[in-house]
Amino acid sequence: MTVKRSYAKTDKPALLVVSERKFSVPGKDGKEHDYVELLSEALKEHFSVSEPASCGSDIWTSLFSGIPSVIVISRTLPDIDAANFARMLRQSSYLYDICFIMLCDELTPSVRSICSENRFSGAVCYSDPVGDAADEIVRIFGEYSCGRKQRAAATIAELLNDELYFSDTAVETRLIESIRERILTPLGFSYSQKGTRYLEFIILMSVLGVRLDLTSFYAGTADVFRSTPAAVEKAVRYSIEKAWERSNPRIQYMLLGNTVDASKGKPTNAEFIAICARHMNDYIKG
């Protein structure tokens, strides 16, 4: 099987393998090597692979170091149920978009059902040759990544209906009013422009803890406002440009401090959204 897709070194997504199994298979050098070590080594061409974990509790240590894009997790860990663990992690706004792949003895109908019910993206078997297992993991993650933009709108819609985020509609209203009063209006943003409303929504989602990359935010915002991701990105950029032309540099500095270099002109969309979210979080914390 030939895998055509690879990643530049700096763009490699992080991957963590979690397996309690210790058994040896022949390596390319003809010597016996641990299966998980060989699998991790084979995946390094495509991923930034963390040190393998041997039980569920080890995952927390890895998550403190960084959140992986992919977790390949054994179905038979001694201390946790892999399906329940994946479901629990997805309840966090920081971890909901991890690609989970199950590592199992045999890909039976029962395993397929567990994967489907618990939103695993696929499964690979210990009995598979290491190279084939690595190729299948790359293929599964490739398909998962392609669907990320399509999932963004559904994710935002799901979070909008989540009581943990909007248990009190007055909270949402107060946050929107604060974003307007403390940032957007003083900086000269016009609410006659669609980009300002899009920007307000993205900042609100960021403050509420929604963790999406900017491309996914554009896709989700486009779905909410019945637009397109490209149109959302362009409208947000235009609103920032016009506000930067209208507002006083002194006000820009008062609100945003030295987080924006005036000599470089307006901030990018990503910079401005991150600055605003940080500003609002600091304000909320008092």
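In this text, all values refer to a predicted model and were calculated from it rather than measured experimentally.

> Summarise the pattern of salt bridges; cite the residues concerned and give the values.
Across all of its chains, the model carries eight salt bridges by this definition. Of the charged contacts in the structure, one is a salt bridge between E136 and R139, with a shortest N-O distance of 2.7 Å. Separated by three residues within a single helix, E136 and R139 lie in helix α5 (residues 130-146), roughly one turn from each other. Taking the relative accessible area as the measure of exposure, R139 reaches 34% and is therefore partly exposed. A salt bridge links E200 to R180; the nearest nitrogen and oxygen atoms lie 2.5 Å apart. One end of the pair, E200, is in helix α9 (residues 194-207); the other, R180, is in helix α8 (residues 169-184), and 20 residues separate them in sequence.

> Which residues make up the sheet that holds strand β4 (residues 48-49), and what values go with them?
Reading across the sheet, the five strands line up as β4-β1-β5-β6-β7 and stay open at both edges, with parallel pairing between neighbours. Since the sheet does not close on itself, it has two edges, and those belong to β4 and β7 (122-125), each with one partner. Judged from the two bridges that link them, strand β1 (residues 14-18) and β4 form a sheet pairing that is parallel. From the neighbouring strand, A14 faces β4, where its bridge partner is S48. Here helix α1 (residues 35-43) sits on the sheet and contacts β1, β4 and β7; the angle it forms with β1, its principal contact strand, is near 170 degrees. In the packing of α5 onto the sheet, contacts are made with β1, β5 (70-74), β6 (99-104) and β7, and the angle to β7 comes to roughly 175 degrees.

> If you had to explain the packing of aromatic side chains to someone new, which residues and values would you point to?
Remark: the centre distance and the inter-plane angle together describe each pair of aromatic rings, the angle taken between the planes. As enumerated under the stated definition, the model contains ten aromatic pairs in all. Each ring, one from F47 and one from F141, has its centre 5.5 Å from the other, and the planes form 65 degrees; the classification is edge-to-face. Residue F47 is found in the loop between α1 and β4, and its partner F141 is found in helix α5; the two are separated by 94 residues along the sequence. Each member of the pair F47 and F141 is classed as buried. A network of ring pairs unites the aromatic residues F23, Y35 and Y126 as a single cluster. Here the guanidinium or amino end of R21 rests over the ring plane of Y126, the centre of that ring lying 4.7 Å away.

> For unusual backbone geometry, give the residues involved together with the corresponding values.
Phi is positive for R119, which is not a glycine, with a value near 60 degrees. Relative to the helices and strands, R119 resides in the loop between α4 (109-117) and β7. With a phi close to 55 degrees, R226 is a non-glycine residue in the positive phi region. One can find R226 in the loop between α10 (214-224) and α11 (229-246).

> Before we move on, can you summarise the nonpolar core with the specific residues and values?
If you look at the biggest cluster of nonpolar residues, it comprises 33 residues, and the most contacted ones within it are L184, F189, L199 and F272. Elements with a contribution of two residues or more to this core: α8, α9, α10, α11 and α13 (269-285). Sort the elements by how many residues they give to this core and α9 lands first, with eight residues. Contact partners of F189, with chain neighbours within four places excluded, come to L184, T196, L199, S239, I240, A243, R246 and F272.

> Tell me about the confidence of the model for the chain, and please be specific about residues and values.
For the chain, per-residue confidence averages 80 on the pLDDT scale, and residues scoring 70 or more make up 79% of the total. The weakest mean pLDDT in the chain belongs to helix α7 (residues 163-166) at 48; the strongest belongs to β7 at 95. Contacts for the low-pLDDT stretch residues 1-10, under 50 throughout, to residues beyond four places or in other chains number 17 contacts. In this model, residues 163-169 is a region of pLDDT below 50 whose contacts with residues beyond four sequence positions or in other chains number ten contacts.

> Pulling in residues and values, what's your account of α5?
The end-to-end C-alpha distance of α5, which contains 17 residues, comes to 25 Å, matching closely the 24 Å that a straight helix rising 1.5 Å per residue would cover. Buried within α5 we find V130, A133, A134, D135, I137, V138, I140, F141, G142, Y144 and S145.

> Which residues make up the pairing of β5, and what values do they have?
In terms of burial, β5 is largely enclosed, as five of its five residues are buried. Sheet topology note: the β1/β5 ladder contains four bridges and is parallel. Among the inter-strand pairings, L16 is bridged to a residue of β5, identified as I71. Two elements, β5 and β6, share five bridges in a ladder whose sense is parallel. Residue V72 lies in a different strand from β6, and its bridge partner there is I101.

The rules behind the values
Residues numbered from 1 in each chain as written. Predicted model: local features only at pLDDT ≥ 70, side-chain atom pairs only at ≥ 80, totals over all residues. Heavy atoms only, no water. Salt bridge = Lys/Arg side-chain N within 4 Å of Asp/Glu carboxyl O. Helix = DSSP H or I, 4+ residues; strand = E, 2+ residues; numbered from the N terminus. Buried < 20%, exposed > 50% of the residue type's maximum accessible area, 1.4 Å probe, protein only. Pairing = 2+ DSSP bridges. Contact = heavy atoms within 4.5 Å. Axes fitted to C-alpha atoms, helices over the stretch in contact; angles between N-to-C directions. Phe/Tyr/Trp six-rings, centres within 6.5 Å; stacked < 30°, edge-to-face > 60°. Lys NZ or Arg CZ within 6 Å of the ring centre and 35° of its normal. Core = buried A, V, L, I, M, F, W, Y, C linked by side-chain atoms within 4.5 Å. pLDDT = per-residue confidence, 0-100. Expected span 1.5 Å × (residues − 1).

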